[in-house]
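Chain by chain, the residues run as shown.
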Amino acid sequence: MTQPEDGGDFHREVDDPWDEEYAFTGPVEAHGRGLDFGLLLLRLAVLPLVVQGARAATDMSAFTAQVSGTTLGSAAPDVVAWGVMVGLVALPVLVAVGLFTRPAGFLLAALMASVWSVAVFLGEGDTLLVGAGGLTTQSALLLLGITLPLAFTGAGRLSVDSLRTAGRP
């Protein structure tokens, strides 16, 4: 490979596709604003879980009794009930504002997967966690489908993560 004589235009001689207008338009973005808006809508879709967690928090003794009736919660109902309640309140808020979206999305997906698997494989019933009007197997599976992609993609540019990491994904 030959070196350019002046050393300043090396990239133009190495078969690098260079657009003359690139200097005026700036770098091409990897994705458009539509993707960021779509990720924002996905993040906001988990906010109804905060209502479920708040409902559990208002009557913690009844929620603990409900959790103690399940197969997985019978060993340590207080710990499981408090963990689920905190997970239903804190994780959706973190995902919605876009703060630590990947770990919060993964933990929320794991929570929804465990709720769904307990209901389906252990036969705990169709309405879970907070009684009538609560989380069902179908809504747990839907929320799993919403949060798992967020664990892989991140929050997008319309988030606190974008501000915190200076725009890095």
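Rules used in this analysis
- Residues numbered from 1 in each chain as written.
- Predicted model: local features only at pLDDT ≥ 70, side-chain atom pairs only at ≥ 80, totals over all residues.
- Heavy atoms only, no water.
- Axes fitted to C-alpha atoms, helices over the stretch in contact; angles between N-to-C directions.
- Helix = DSSP H or I, 4+ residues; strand = E, 2+ residues; numbered from the N terminus.
- Parallel < 35°, antiparallel > 145°, perpendicular 65-115°, else oblique.
- Left-handed = near helix turned anticlockwise from the far one by under 90°.
- Contact = heavy atoms within 4.5 Å.
- Nonpolar A, V, L, I, M, F, W, Y, C, P; charged D, E, K, R; others polar.
- Core = buried A, V, L, I, M, F, W, Y, C linked by side-chain atoms within 4.5 Å.
- Buried < 20%, exposed > 50% of the residue type's maximum accessible area, 1.4 Å probe, protein only.
- Expected span 1.5 Å × (residues − 1).

### Quick notes on the packing of helix 3 (residues 48-58) against helix 5 (residues 77-97)
Two numbers describe how helix 3 lies on helix 5: the axes approach to 8 Å, and their chain directions differ by 150°. Here helix 3 lies roughly antiparallel to helix 5, going by the angle between them. When you trace helix 3 past helix 5, the crossing you get is left-handed. Along its contact with helix 3, which presents Leu 49, Val 50, Gln 52, Gly 53, Ala 54, Ala 56 and Ala 57, the element helix 5 presents Met 85, Leu 88, Val 89, Pro 92 and Val 93. Its residues assigned to classes, the contact of helix 3 with helix 5 comprises 10 nonpolar, two polar and no charged.

### Some thoughts on the nonpolar core
If you look at the biggest cluster of nonpolar residues, it comprises 25 residues, and the most contacted ones within it are Leu 49, Phe 63, Leu 108, Met 112, Leu 135 and Leu 143. If you list the elements that add at least two residues to this core, you get helix 3, helix 4 (60-68), helix 5, helix 6 (101-121) and helix 7 (137-153). Beyond its immediate chain neighbours, meaning those up to four positions away, Leu 49 contacts Leu 88, Pro 92, Leu 108, Met 112, Leu 135 and Leu 143.

### Let's talk about helix 6
Between its first and last C-alpha atoms helix 6 spans 29 Å; for 21 residues at 1.5 Å apiece the expected length is 30 Å, and the two agree. Here helix 6 has its buried residues at Thr 101, Ala 104, Gly 105, Leu 108, Ala 109, Leu 111, Met 112, Val 115, Val 118 and Ala 119.

### Observations concerning the environment of Leu 91
With respect to the secondary-structure elements, Leu 91 resides in helix 5. Exposure remark for Leu 91: the relative accessible area of 13% places this residue in the buried category. Separated by 18 residues in the primary sequence, Leu 91 and Ala 109 have C-alpha atoms spaced 9.9 Å apart. Filtering out sequence-adjacent residues up to four positions away, Leu 91 remains in contact with Val 86, Ala 104, Leu 107 and Leu 108.

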